[in-house]
Amino acid sequence: MDMNFNQHISGQFNADLEAIRNHMMSMGGLVERQVANAVAAICSGDTHLADDVIRREDDVDKAEVTIDNECTQILVRRQPAASDLRMVLAVSRVVRDLERMGDEASKIAIHTLEVTDSKNPQLCQQAMRYMGEEVVKMISGALDAFARHDVEGAIEVVRNDKLVDKQYASALRELITYMMEDPRSIGQAINILWILRAIERIGDHARNISEQVIYLVSGTDVRHSTLTEIEKTARD
Amino acid sequence: MSIIENHKTDGKPFCDSAKLSARDVCVHYGEKQAIFDVSLDIGKNEVIALIGPSGCGKSTFLRCLNRMNDTIDICKVTGEIVLDGGNIYDPKVDVVPLRATVGMVFQKPNPFPKTIYDNVAYGPRIHGLATSRVDLDEIVEKSLQRAGLWAEVKDRLHSPGTGLSGGQQQRLCIARTIAVDPEVILMDEPCSALDPIATAKIEELIDELREKYTIAIVTHSMQQAARVSQRTAYFHLGQLIEVNSTDKVFTTPEHQLTEAYITGRFG
Ligand SMILES: Nc1ncnc2c1ncn2[C@@H]1O[C@H](COP(=O)(O)OP(=O)(O)O)[C@@H](O)[C@H]1O
Ligand SMILES: [Mg+2]
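Position numbers for residues start from 1 in each chain and track the written sequence from start to end. Each chain is given a letter, starting from A, and each ligand a number, starting from 1, according to the order in which they appear as written. Only residues with pLDDT of 70 or above have their local features reported here, since the model is predicted, and side-chain atom pairs are shown and tallied only from 80 upward, although totals for entire chains, interfaces and linings are computed over all residues. To obtain the side-chain values, all non-hydrogen atoms of the structure were used and water was disregarded.

A. Broad picture of the site of ligand 1. Residues and elements named next belong to chain B. Nearness is judged by heavy atoms alone; a residue qualifies as near a molecule or strand once a single heavy atom is within 4 Å of it. For ligand 1, the set of nearby residues contains 13 residues, the closest of which are K32, G55, K58, S59 and T60. The contact in question runs from an oxygen atom of ligand 1 to an N or O atom on the backbone of G55, over 2.7 Å. In the complex, the protein chains occlude 64% of the 560 Å² of accessible area that ligand 1 would expose alone. Per-element accounting of the shell around ligand 1 gives the leading share, three residues, to helix α1 (residues 58–64). When grouped by side-chain class, the residues that make up the shell around ligand 1 number six nonpolar, five polar and two charged. Within 3.5 Å is the distance limit for a polar contact, defined as a pair of N or O atoms, with the added protein rule that one can donate a hydrogen and the other accept it, and that residues adjacent in sequence qualify only through two side-chain atoms. Accessible surface is estimated by sampling points in the Shrake-Rupley manner with a 1.4 Å probe; for residues, cover comes only from the protein chains shown. Each helix is a run of DSSP H or I of at least 4 residues and each strand a run of E of at least 2, with the numbering of both proceeding from the N terminus. For this scheme, ten residues count as nonpolar: Ala, Val, Leu, Ile, Met, Phe, Trp, Tyr, Cys and Pro. Four count as charged, namely Asp, Glu, Lys and Arg, and the remainder, Gly too, count as polar.

What follows is the structure in structure tokens.
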């Protein structure tokens, strides 16, 4: 084929699509940093860092609204089809997940301030650090997969989400044993529980982003599918 | 770009309840080949959209379906086009009733220089479909009703058809096509001369007509194809590249040429 199908006849349309993709990526970078900082804050008890995360949540919210609006403009002006349509829909869904991750990061930060106030030692330190670092990797993995249209990379994120879910379940069991042994730890345990829950939710959102990568590349909607079903879709 | 060697149409060109079936259709204008081995079914009561860049052969293919190409001397059609089991290119077939059964609506509304009533009554008269004035009145009213024009013209049936607005003229032409009791309606860019409101009315009409008729529509508007059709066929340089459900074509087309065309990467 002696034609360049990468470019639209309309240069502005190219630029608009390029813009939403780039804006989504930089919002992704911001959210990844928010989550990484929230996790670092809780693990190290750094309340300044936690403060910073809370302050920046606003930037994440603004980015979501801006990008979503850009997507709407493209839909109205260009009536995109096929891979262009999937790009716009995927970006618009991804920014929603990114915004929710931002919320979870700021929840973690708020709990950091409470947990570090208490005199008891922190529970489930290990699990928190492990899960936290894992979901940060998942966010960058999902965004990379999006940028490279990499289905395998996206599936890897879905696999890691299952591991995080398992970690979360076992951390919960650990917390319950603490609470049973020493009822005075219940307040602290509940705070930790909220934090673990927030981290686990971030993993779910990274998984959602990966599902959009599969939609973007193949057109198949794999939301609410199992890992096995997703792997099968990728093979077909 | 050039013709694809050994091309096989992607997607689902065939269907179980075909009203019209084209098989290995080739069309030449003199030395020049305009259609290359096109095989396609058009299902009963479906609207199929034929899309593709200008000059790709959409009109030529559409005109094969009721032998309108017979009117062009240098045009030669080979292959088979079967309507309800019979090949319409069989030499025994009389094209006049064929063109009533497979009616056509053109790009520019072309009412006869006659009254609204006579525009619609003309076909039924020459095909002997009405035995009395009462019959004819009934056919005219029913056809104008189905074309969504009755309410607007019932008080001025005897004024000239050419006095109507563009959109009304196009619906009058649709009424004229319907009046001879067709089974298939072919439309070649029926809205390209109309404003958006008139276009929306025709599109709504197409959707209603689908209950009774099988419709093939050529359109250069991708949004129109997406709105009115159930299946979409993409033509490129006289070849049928891909046929799929309209949903599929506009979300996940199979062929890269279809994708490039509908996303506006060429045209
Ligand atoms: N009457 C004709 N005589 C000679 N060539 C024709 C005639 N009609 C169409 N063609 C040629 O056949 C090809 C397909 O034309 P057409 O069916 O009108 O395309 P489309 O409707 O997709 O724009 C074009 O190359 C066109 O020049
Ligand atoms: Mg044409």
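That covers the picture; the talk isn't over yet.
B. Seen up close, the packing of aromatic side chains. Between rings of Phe, Tyr and Trp, where Trp is taken as its six-membered ring, a pair exists when centres lie within 6.5 Å; planes separated by under 30 degrees are stacked, by over 60 edge-to-face, and by other angles tilted. Enumeration according to the criterion identifies four aromatic pairs over all chains in this entry. With a centroid separation of 5.9 Å and an interplanar angle of 50°, the aromatic rings of Y261 of chain B and F266 of chain B are classed as tilted. F266 of chain B matches Y261 of chain B in its accessibility class, with the two residues each being buried. The structure contains a cluster of three or more aromatic residues connected by ring pairs, namely Y234, Y261 and F266 of chain B. In this scheme, the term charge over a ring applies when either NZ of a lysine or CZ of an arginine sits within 6 Å of the ring centre and within 35 degrees of the ring normal. Residue placement shows R93 of chain A over the ring face of Y215 of chain A; its charged tip is 5.0 Å from the ring centre. Exposed residues in this analysis have more than 50% of their type's maximum accessible area, buried residues have under 20%, and partly exposed residues fall in between, with area computed by a 1.4 Å probe over protein chains only.

C. Up close: the packing of helix α5 (residues 151–181) of chain A against helix α6 (residues 186–218) of chain A. All names here are of chain A. The convention used is that axes are lines fitted to C-alpha atoms, helices contributing only their stretch in contact, and that angles between N-to-C directions extend from 0 to 180 degrees. Relative orientation of the contacting elements α5 and α6 amounts to 165°, with a least axis distance of 9 Å. Classified by the angle between their axes, α5 and α6 sit roughly antiparallel to one another. The handedness of the crossing between α5 and α6 comes out as left-handed. Of the residues contributing to the contact of α5 with α6, the split by class is 20 nonpolar, two polar and six charged. Small angles under 35 degrees read as roughly parallel and large ones over 145 as roughly antiparallel, with 65 to 115 read as roughly perpendicular and the rest as oblique. Should the near helix be turned anticlockwise from the far one by less than a right angle, the crossing is left-handed, and should it be turned clockwise, the crossing is right-handed.

D. Local environment of α5 of chain A. All names here are of chain A. Helix span is expected to be 1.5 Å times the residue number reduced by one. Its 31 residues place the ends of α5 46 Å apart at the C-alpha level, agreeing with the 45 Å of an ideal helix rising 1.5 Å per residue. The set of residues buried in α5 consists of V151, G153, A154, I155, V157, V158, N160, D161, V164, Y168, A171 and L175. Whether two residues are in contact is decided by their heavy atoms, any of which lying within 4.5 Å being enough. Summarising the contacts, the buried residues of α5 are in contact with α4 (125–148), α6 and α7 (227–235). One side-chain oxygen of the residue at the start of α5 lies 3.1 Å from the amide nitrogen of E152, identifying that residue as D150.

E. Representation of the interface of chain B and chain A within the structure. Counting residues at the interface gives 16 residues for chain B and 18 residues for chain A. Accessible area, probed at 1.4 Å, shrinks when two parts are joined; the buried area is that loss added up over both. Carbon and sulfur atoms supply 59% of the area buried between chain B and chain A, which totals about 1400 Å² over both sides. At the surface where chain B touches chain A, the tally comes to seven residue pairs in polar contact (both at pLDDT 80 or more). Residue contributions to the side of chain B that touches chain A peak at five residues, all from helix α10 (residues 256–262) of chain B.

F. Looking closely at the nonpolar core. Of all hydrophobic cores here, the largest spans 69 residues; its most connected members are V35, V91, F146 and L196 of chain A. Elements that contribute at least two residues to this core include exactly α1 (11–44), α2 (47–78), α3 (82–117), α4, α5, α6 and α7 of chain A. Ranked by residues supplied to this core, first place goes to α1 of chain A with 13 residues. Other than its neighbours up to four places away in sequence, L196 of chain A contacts C124, M128, M131, Y168, A171 and L175 of chain A. Residues belong to one nonpolar core when they are buried, are Ala, Val, Leu, Ile, Met, Phe, Trp, Tyr or Cys, and are joined through side-chain atoms within 4.5 Å. In terms of nonpolar packing, the next biggest core, distinct from the first, is built from 50 residues, I139, L164, L194 and Y261 of chain B among them.

G. Focus on the pairing of strand β10 (residues 231–236) of chain B. Residue and element names in this part refer to chain B. Within β10, six of the six residues are buried, which leaves it mostly tucked inside the rest of the structure. Residue alternation in β10 divides its side chains into two sets, R231, A233 and F235 and T232, Y234 and H236, and both sets are buried. A pair of strands counts as paired when DSSP detects no fewer than two bridges linking them. Here strand β4 (residues 47–51) runs beside β10; their pairing, made up of four bridges, is parallel. Residue I51 lies in a different strand from β10, and its bridge partner there is Y234. As judged from the six bridges shared by β10 and strand β11 (residues 239–245), these two strands associate in the antiparallel manner. Among the inter-strand pairings, R231 is bridged to a residue of β11, identified as S245.

H. Representation of the pairing of strand β5 (residues 75–83) of chain B in the model. All names here are of chain B. One ladder, built from eight bridges, connects strand β2 (residues 18–29) with β5; its direction is antiparallel. Paired with S21 across the two strands is V82, which belongs to β5. Where β5 meets strand β6 (residues 86–87), two bridges bridge the pair, whose relative direction is antiparallel. Bridge assignment links V82 to a residue of β6, and that residue is N87. Counting the residues that bridge the hairpin from β5 to β6 gives two residues, and of these D84 lies at a positive phi of roughly 45°.

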